[in-house]
Amino acid sequence: MNPDIQAFFDEATFTISYLVSDPATRRAAIVDPVLDYDPRSGRTSTASAARILAAAAQNGLSVDWILETHAHADHLSAAVFLKGKTGAKVVIGEHIRDVQRVFRPVFNATDVAGDGTPFDVLLKDGEAFALGELTVEVMHTPGHTPACVSYRIGDNVFVGDTLFMPDYGTARADFPGGDAATLYRSIRKLLALPPQTTLWMCHDYLAPGRKDYAWKTTVAAERSGNVHIHDGVSEDAFVTMRRTRDKTLAMPVLILPSVQVNIRAGHMPPPDGDGNVYLKIQVDRL
Ligand SMILES: N[C@@H](CCC(=O)N[C@@H](CS)C(=O)NCC(=O)O)C(=O)O
Ligand SMILES: [Fe+2]
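Predicted model only: the values in this text are computed from it and were never measured.

The rules behind the values
Residues numbered from 1 in each chain as written. Chains lettered and ligands numbered in written order. Predicted model: local features only at pLDDT ≥ 70, side-chain atom pairs only at ≥ 80, totals over all residues. Heavy atoms only, no water. Helix = DSSP H or I, 4+ residues; strand = E, 2+ residues; numbered from the N terminus. Buried < 20%, exposed > 50% of the residue type's maximum accessible area, 1.4 Å probe, protein only. Contact = heavy atoms within 4.5 Å. Expected span 1.5 Å × (residues − 1). Donors = N, O, S within 2.8 Å, 3.2 Å for Na, K, Ca; no water. Pairing = 2+ DSSP bridges. Axes fitted to C-alpha atoms, helices over the stretch in contact; angles between N-to-C directions. 1 Å grid on protein atoms, 1.4 Å probe; cavity = no way out; pocket = protein on both sides within 12 Å on 5 of 7 lines; lining within 4 Å. Points joined across faces, edges and corners; volume = space filled by probe spheres on them. Nonpolar A, V, L, I, M, F, W, Y, C, P; charged D, E, K, R; others polar. Polar contact = N/O pair within 3.5 Å; in protein donor to acceptor, adjacent residues only side chain to side chain. Near = heavy atom within 4 Å. Areas by Shrake-Rupley, 256 points an atom, 1.4 Å probe, with all protein chains shown as cover. Sits in = over half its atoms within 2 Å of the grid points.

### Things to note about the environment of Pro39
At step 1: Along the chain, the position of Pro39 falls in the loop between strand E4 (34–38) and strand E5 (43–45).
At step 2: Using a relative accessible area of 43% as the deciding quantity, one classes Pro39 as partly exposed.

### Let's talk about the environment of Thr182
At step 1: Mapped onto the secondary structure, Thr182 falls in helix H4 (residues 180–191).
At step 2: A relative accessible area of 26% places Thr182 in the partly exposed class.
At step 3: In sequence terms Thr182 and Thr145 are 37 residues apart; their C-alpha atoms lie 9.5 Å from each other.
At step 4: Apart from residues no more than four positions distant in its own chain, Thr182 is found in contact with Pro142 and Gly143.

### A look at helix H3 (residues 96–107)
At step 1: Helix length check: H3, at twelve residues, gives a terminal C-alpha distance of 16 Å against a target of 16 Å (1.5 Å per residue), a fit within 8%.
At step 2: Positive backbone phi, approximately 45 degrees, marks Asn108, located one or two places after H3.

### What about the coordination of the iron ion (ligand 2)?
At step 1: The iron ion (ligand 2) binds to the protein through His70 (NE2), His144 (NE2) and Asp161 (OD); the donor distances cover 2.0 to 2.4 Å.
At step 2: Read N to C, the donor residues that coordinate the iron ion (ligand 2) are spaced as H-x73-H-x16-D. Pair noted here: His144 is in the loop between strand E11 (134–140) and strand E12 (149–153) and Asp161 is in the loop between strand E13 (156–158) and H4, with a separation of 17 residues, a long-range link. Asp161 carries the same exposure label as His144, and that label is buried.

### So, the sheet that holds strand E8 (residues 89–93)
At step 1: The strand order across the open sheet built from six strands is E1-E2-E3-E6-E8-E9, with neighbouring strands paired in mixed fashion. Strands with a single pairing partner mark the edges of an open sheet, and in this sheet they are strand E1 (4–10) and strand E9 (121–123). Adjacent strand axes in the sheet meet at a mean angle of 25 degrees when their direction is disregarded.
At step 2: Bridge analysis of strand E2 (residues 15–21) against strand E3 (residues 27–31) gives four bridges, and the strand direction is antiparallel. Directly across from Tyr18, in E3, lies its bridge partner Val31.
At step 3: Across the sheet, helix H2 (residues 79–86) touches E3, strand E6 (62–67) and E8, and the angle it forms with E6 is around 155 degrees.

### What to know about the layout of surface pockets
At step 1: Put simply, the largest pocket is a space of about 600 Å³.
At step 2: What lines the largest pocket is a set of 31 residues, and nearest its centre among them are Thr13, Phe14, Asp74, Tyr205 and Pro252.
At step 3: Taken together, the elements giving at least two residues each to the lining of the largest pocket come down to E4 and helix H6 (235–246).
At step 4: In terms of residue count, the dominant contributor to the lining of the largest pocket is E4 (five residues).
At step 5: Counted by class, the lining of the largest pocket contains 18 nonpolar, five polar and eight charged residues.
At step 6: In this model, the second largest pocket occupies a volume close to 210 Å³.
At step 7: Around the second largest pocket, the lining comprises 13 residues; the ones closest to its centre are Arg264, Pro269, Pro270, Tyr278 and Lys280.
At step 8: Across the lining of the second largest pocket, the residue classes tally to six nonpolar, three polar and four charged.

### Regarding the sheet that holds E11
At step 1: On the basis of which strands lie adjacent, the open sheet formed by six strands has the order E10-E11-E12-E13-E14-E15 and mixed pairing. What marks the edges here is a single partner per strand, and that holds for strand E10 (128–131) and strand E15 (216–218). Averaged over all neighbouring strand pairs, the angle between strand axes comes to 30 degrees, with direction disregarded.
At step 2: Looking at chain direction, E13 and strand E14 (residues 198–200) are connected through three bridges and run parallel. By the bridge assignment for E14, Phe158 is matched with Trp200.
At step 3: Contacts from H4 reach E11, E12, E13 and E14 within the one sheet, and its direction differs from that of E11 by about 150 degrees.

### A short note on the side chain of Asp246
At step 1: Topologically, Asp246 is positioned in helix H6.
At step 2: At 2.6 Å, the side chain of Asp246 forms a polar contact with the side chain of Arg242.
At step 3: Leaving out residues up to four positions away in the same chain, Asp246 has contacts with Arg172, Ala173 and Asp174.

### A few points about the site of ligand 1
At step 1: Neighbouring residues of ligand 1: 13 residues in total, closest Tyr168, Arg172, Tyr205, Arg245 and Val253.
At step 2: At a separation of 2.9 Å, an oxygen atom of ligand 1 approaches a polar backbone atom of Val253.
At step 3: Protein chains shield 84% of the accessible area of ligand 1, which is 500 Å² for the free molecule.
At step 4: Mapping ligand 1 onto the cavity grids shows that it belongs to the largest pocket.
At step 5: For the shell around ligand 1, a count of residues per class yields seven nonpolar, two polar and four charged.

Printed below as a string of structure tokens:
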């Protein structure tokens, strides 16, 4: 059995979130929801996440799970808002502990224990859980970050930031804890799935020459046509390409606001001495 899948594209951060549901039981999961954040004003909005909730309500779906593919470095997660509205559990790969420990000193986040809390569920490679009568299988696919996971449901895989569309290539591997060789191995694991498997991206940045955003492809299309990692590209060649390209990329605009919220499972930092909530930017760290 395969799920119903609805995609939501966030033009501000080029992120795709998904509403995934079991047609038999109408139980649903939301993959990688975005909390809108304006870095000019520091103001958040739940407009993007509310669109996903409205679609769920319209289709009579009950949301059981909020699935994070990783602690995103380019947008804030709407997990807390959606959990408040639905009671869904917030789920991420178990290696989020490593990411919490790497980033805790960057924000002097003394409230972050580094044990995976406050996420509700930490998943191991190969673990499976139920979405209604469907099964979600977890694949640990590190490299972009140490905690990255992909979620496989039937013939569909939500690959997070591993692969992008064939004409754009792959995710960067230069964030703290990232590693290009590790990313290569994770991608080869994904591309060993049956060729007809559908792969759903977490971002699309429009490859040069393409006008329309796209987020759905197949194992076969990536193996034959991915510009960074089609069949025949060696690990060494990939690592050299990735390291060279990563040196040219600026940090994402929202990396500092995003990571301090996302390692807290979407919670803002605790209030400061005056009772107000602040995001923290360490000078000269990254
Ligand atoms: N310009 C974007 C860059 C975002 C970015 O670095 N995205 C990561 C995924 S979180 C990536 O792998 N990018 C690949 C690339 O830009 O080629 C921003 O500032 O948000
Ligand atoms: Fe990412």
